[in-house]
Amino acid sequence: MKRLRYLPACLLGICGALGFDSLILYVCSFPVRRHPISYPISLSGGILALCLSILLLMPSVSVVIKAKGARLRTSLLSLLLCAAGFLAGVLFWGYAYDFCRICFQNRL
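Just so it is clear, the model here is predicted, and its values are computed rather than measured.

Student: How should the side chain of Thr 74 be read in this particular structure?
Tutor: Topologically, Thr 74 is positioned in helix H3 (residues 71-107). We classify Thr 74 as buried; its relative accessible area is 3%.

Student: Any chance you could explain a nonpolar patch on the surface here in plain terms?
Tutor: Taken together, the side chains of Leu 48, Leu 50, Leu 52, Ile 54, Leu 55 and Met 58 present a nonpolar region at the surface, about 580 Å² in accessible area. Since its relative accessible area comes to 52%, Leu 50 is described here as exposed.

Student: Is there a simple way to explain the pattern of salt bridges in this structure?
Tutor: Between side chains of opposite charge, a pair can form when the charged atoms approach closely. Counted according to the given criterion, the structure contains 1 salt bridge. The partner of Arg 101 in a salt bridge is Asp 98, with the nearest N and O atoms 3.5 Å apart. Taken together, the residues span about one helical turn, with Arg 101 and Asp 98 both in helix H3 at a distance of 3 residues. Classification of Arg 101 by relative accessible area gives partly exposed; the value is 37%. Taking the relative accessible area as the measure of exposure, Asp 98 reaches 32% and is therefore partly exposed.

Student: Looking at this structure, I do not really get the environment of Val 27. What am I missing?
Tutor: With respect to the helices and strands, the residue Val 27 is situated in helix H1 (residues 7-28). With a relative accessible area of 52%, Val 27 lands in the exposed category. Taking the C-alpha atoms as reference points, Val 27 and Ser 44, separated by 17 residues in sequence, lie 14 Å from one another.

Student: Hey, could you run me through the environment of Arg 33 in this one?
Tutor: Here Arg 33 shows up in the loop between H1 and helix H2 (38-66). It is 26 Å that separates the C-alpha atoms of Arg 33 and Leu 50, two residues lying 17 residues apart in sequence.

About the thresholds
Residues numbered from 1 in each chain as written. Predicted model: local features only at pLDDT ≥ 70, side-chain atom pairs only at ≥ 80, totals over all residues. Heavy atoms only, no water. Helix = DSSP H or I, 4+ residues; strand = E, 2+ residues; numbered from the N terminus. Buried < 20%, exposed > 50% of the residue type's maximum accessible area, 1.4 Å probe, protein only. Patch = residues over 30% accessible without salt bridge, like charges linked within 9 Å, V, L, I, M, F, W, Y side chains within 5 Å. Areas by Shrake-Rupley, 256 points an atom, 1.4 Å probe, with all protein chains shown as cover. Salt bridge = Lys/Arg side-chain N within 4 Å of Asp/Glu carboxyl O.

Written out as structure tokens, the structure is:
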């Protein structure tokens, strides 16, 4: 179990990237009548990312609180893994959106 104690921090970064990509998609989907699919997907993805981020923030904070003597090192490592997860998530969600857009645009 000790190996997985930083997993919520990494997943928090990935969920933050989902929220960031949903925000960018929401801003870029105006006017709504020209993008009838992107607008609801961005809203639902943003709400999902917010809920997951709140759920993953609690175990991430508890890892830092339960660390004995090395709270600064634990919090810095958590922040570093969260940032790495965010960068990887931005790339992943961007590629996933492009893949889905190509698949569904060819069918329409």
